[in-house]
Amino acid sequence: MSMLKRKLTTLSIEQKIEILDALQSKTKTRKELSVNYGCDLSTIVRIVQQETKIRGIALKNGNTGRKRLRKGNYDELDQAVAVWFRQLRAKNAIVSGLMIQEEAKKFAQKLDLPDFEPSNGWLGRWKTKENVTFHKIQGEKGAADQAGAAQWVKNVLPALLADFDAKNIYNADETGLFYKALPSGTMAARGEKLEGGKTQKDRLTALFLCNMDGSDKHVFMIGRSKKPHCFRGKNIPLPYYANTKAWMTSALWTKILLDFDSKMIKQKRKVLLFADNASCHKLEKGIVLKNVTIQFLPANTTSIIQPLDQGIIRAFKMYYRQRIVRQQLLALEKGLSMEQFAKTITVLEALRMVERSWGSVTSTTIQNCFRKAGFSPAQEEGEEELEVEGSVLQVQIPEDDFNDFVECDMALDCYGELTAEEILDEVRQQRNDDDEE
């Protein structure tokens, strides 16, 4: 008696997400879904087991119509080109097919692939794999995508927030800090000869992490020196890391989030963390967070919808600048010169001021900034605008000058673009990643 062979059904990522959504909403059973989609019950079970991976692929790649994620003959090269491409697009660079082919040829040389030819056929396959299409540029567009931000806040954000309380919704973002910087101008008598001092550009990078109701906030510091002399025998007030450029890196990001994840596990809390899609915000290979879900914000929208960018970081910097100016005044009263005062602002002292300044940012300010970013109901008419506590007059600096002083390091880079060698190192670490199925 002949056995009937059941036809193999391959589901797309989009169909798998539909199945997961149906199970989550409890509108259909697993058995009903297996019948509807023409697959075995065991397939439904595997889809449920791989939910995190499936949803991650959809968020990262966007081409949910693909049914399989097969590796090609030049998988490392393809991945390297993809990382290079995303870096350029993150900077809103215009990238043509010819540029992609030229870069692929360079990577082929570095990977010792003499037989590789970046043909139009290869380019077409790579574009399909990475969900890359051609778009004609319609005139000038600002750095911030206002329409895209509004659409995301209206159509995507509510569903993301639905299962989380305000205390379990977090935002993380970095900022550069000239920790010795002083005002660039001064009041002086008419005719007085002014002598300029050296501009203090000693820097740190601060990673801020806070939740929506302002009840939990953290700051992590990155400097250039691994063991500053000023640390010897002292209590370090904040988590401190170091690299040659004082930048955030994937390795640091992974370490910090693993520690944060451990805290959430101990507190038995599941949290949602929003961050910009910077290259340094990618977890290292094989790292899976158990209680922290990372949600990347859409490109070119962070200045509009990232809560920390709506005034939280600026509030911190206002408090920090006020503190350093007050310390300057006290030092001058004690007879210290400006040069002598600058030497007293060590990395350790800066960390102490960062801790106190971050502690001064109120939960009300944080809540207002999340609201301004669209994370909670809009401000009602007649309600006061976002306020930052602390008077400019307290430090005896004209308001315009103080605002320039507060923002003197707002444009500092907090992470760097990967070189070709760094891209290849990153890709090699992922060479053994499993297929989606």
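Residues numbered from 1 in each chain as written. Predicted model: local features only at pLDDT ≥ 70, side-chain atom pairs only at ≥ 80, totals over all residues. Heavy atoms only, no water.

Asker: Can you walk me through a nonpolar patch on the surface in this structure?
Answerer: A contiguous nonpolar surface patch, about 230 Å² in accessible area, is contributed by Leu 329, Leu 332 and Met 338. Looking at where Leu 332 falls in the secondary structure, it is placed in helix 12 (residues 312-333). On the accessibility criterion, Leu 332 (39% relative accessible area) is partly exposed. (Patch = residues over 30% accessible without salt bridge, like charges linked within 9 Å, V, L, I, M, F, W, Y side chains within 5 Å. Areas by Shrake-Rupley, 256 points an atom, 1.4 Å probe, with all protein chains shown as cover. Salt bridge = Lys/Arg side-chain N within 4 Å of Asp/Glu carboxyl O. Helix = DSSP H or I, 4+ residues; strand = E, 2+ residues; numbered from the N terminus. Buried < 20%, exposed > 50% of the residue type's maximum accessible area, 1.4 Å probe, protein only.)

Asker: What am I meant to see in the packing of helix 6 (residues 97-110) against helix 7 (residues 120-130) here?
Answerer: A pair of packed helices is captured by two measures, namely the crossing angle of their axes and the spacing between those axes. Where helix 6 contacts helix 7, the axes come no closer than 11 Å and their chain directions differ by 100°. Looking at the two axes, helix 6 sits roughly perpendicular to helix 7. Every residue of helix 7 that contacts helix 6 at Gly 97, Ile 100, Gln 101 and Ala 104 is listed here: Asn 120, Trp 122, Leu 123 and Trp 126. Classifying every residue of the contact of helix 6 with helix 7 by side-chain character gives five nonpolar, three polar and no charged. (Axes fitted to C-alpha atoms, helices over the stretch in contact; angles between N-to-C directions. Parallel < 35°, antiparallel > 145°, perpendicular 65-115°, else oblique. Contact = heavy atoms within 4.5 Å. Nonpolar A, V, L, I, M, F, W, Y, C, P; charged D, E, K, R; others polar.)

Asker: Even after reading the chapter, I still don't get unusual backbone geometry, so can you show me in this structure?
Answerer: Leaving glycine aside, a negative phi is the common case for residues, and trans is the common case for peptide bonds. The phi dihedral of Lys 268 is positive, around 55°, even though this residue is not glycine. Relative to the elements of secondary structure, Lys 268 occurs in the loop between helix 10 (250-266) and strand 5 (271-275). Even without glycine at this site, Asn 300 takes up a positive phi of about 60°. Structurally, the position occupied by Asn 300 is in the loop between strand 6 (292-296) and helix 11 (302-305).

Asker: Explain the nonpolar core here, please?
Answerer: Generally speaking, soluble globular proteins have nonpolar side chains that are buried together. Formed by 50 residues in total, the largest nonpolar core has its most connected members in Met 221, Phe 274, Trp 358 and Phe 375. At nine residues, helix 12 tops the list of elements feeding residues into this core. Beyond its immediate chain neighbours, meaning those up to four positions away, Phe 274 contacts Trp 152, Leu 157, Leu 160, Leu 161, Ile 169, Tyr 170, Asn 171, Ala 172, Gln 295, Leu 297 and Phe 375. Core analysis: the second largest hydrophobic core is formed by 22 residues, Tyr 170, Met 248, Leu 252 and Val 271 among them. (Core = buried A, V, L, I, M, F, W, Y, C linked by side-chain atoms within 4.5 Å.)

Asker: Quick question: what am I supposed to make of the state of the cysteines here?
Answerer: In protein structure, a disulfide is the covalent linkage between the sulfur atoms of two cysteines. Under the counting rule described, the total for this entry stands at zero disulfides. Just so you know, Cys 280 is unpaired, no disulfide at all, and the nearest cysteine sulfur is the one on Cys 414, 8.2 Å from it. (Disulfide = S-S within 2.5 Å.)

Asker: Even after reading the chapter, I still don't get the sheet that holds strand 5, so can you show me in this structure?
Answerer: The mixed open sheet is built from six strands, whose spatial order is 4-3-2-1-5-6. Bordering the open sheet on either side are strand 4 (240-242) and strand 6, each of which pairs with just one other strand. Pairs of neighbouring strands in the sheet enclose a mean axial angle of 25°, with direction left out of account. Helix 12 contacts strand 1 (169-178) and strand 2 (203-211) of the sheet and is inclined by roughly 40° relative to strand 1. (Pairing = 2+ DSSP bridges.)

Asker: Explanation requested: the pattern of salt bridges in the structure shown.
Answerer: Where side chains of opposite charge bring their charged atoms close, a pairing between them can arise. Counted according to the given criterion, the structure contains eight salt bridges. We note a salt bridge from Arg 352 to Glu 349, for which the minimum N-O separation is 3.6 Å. With Arg 352 and Glu 349 both in helix 14 (residues 347-360) and three residues apart, this pair spans about one turn of that helix. Judged by relative accessible area, Arg 352 falls into the partly exposed class, the value being 30%. Of the residues examined, Glu 349 reaches a relative accessible area of 15% and is grouped as buried. Close ionic contact of Arg 356 with Glu 349 constitutes a salt bridge, the shortest N to O distance being 3.7 Å.

Asker: I tried to follow the packing of aromatic side chains on my own but got confused; where do I start?
Answerer: Note on aromatic pairs: each is described by the distance of the centres and the angle between the planes. Taken as a whole, this structure holds 12 aromatic pairs when the rule is applied. Here the aromatic cluster, defined as three or more aromatic residues joined through ring pairs, consists of Tyr 74, Phe 85, Phe 116, Trp 122 and Trp 126. One residue, Lys 217, lies across the ring of Trp 358, its end atom 5.3 Å from the ring centre. (Phe/Tyr/Trp six-rings, centres within 6.5 Å; stacked < 30°, edge-to-face > 60°. Lys NZ or Arg CZ within 6 Å of the ring centre and 35° of its normal.)

Asker: What is the right way to read the confidence of the model for the chain from this model?
Answerer: As a general rule, the predicted coordinates of low-pLDDT regions are not to be interpreted in detail. Mean pLDDT over the chain stands at 81; residues scoring 70 or higher make up 78%. Counted against residues more than four places away or in other chains, residues 137-142, with its pLDDT under 50, gives one contact. Contacts from residues 432-437, a stretch scored under 50 in pLDDT, to residues over four places away or in other chains number 18 contacts. (pLDDT = per-residue confidence, 0-100.)

Asker: Would you take a moment to explain the packing of helix 1 (residues 13-25) against helix 3 (residues 41-49) for this structure?
Answerer: At a minimum axis distance of 10 Å, the contact between helix 1 and helix 3 shows a crossing angle of 85°. By the angle between their axes, helix 1 is roughly perpendicular relative to helix 3. Contacts between helix 1 and helix 3 pair Lys 16, Ile 19, Leu 20 and Leu 23 from the former with Ile 44, Ile 47 and Val 48 from the latter. Residue composition of the contact of helix 1 with helix 3, by class: six nonpolar, no polar and one charged.

Asker: Looking at this model, I keep getting lost on the pairing of strand 3 (residues 217-223). Mind explaining?
Answerer: Residues in a regular strand project their side chains so that they alternate between the two faces of the sheet. In terms of burial, strand 3 is a largely internal element, six of the seven residues being buried. Sheet topology places strand 2 next to strand 3; six bridges connect them, and they run antiparallel. What sits directly across from Cys 210, in strand 3, is Lys 217. From the end of strand 2 to the start of strand 3, which pair antiparallel, there are five residues, and Gly 214 there has a positive phi angle of about 75°. In this sheet, strand 4 lies alongside strand 3 in parallel orientation, the contact comprising three bridges. Looking at strand 4, one finds that Ile 222 is bridged to Tyr 241.

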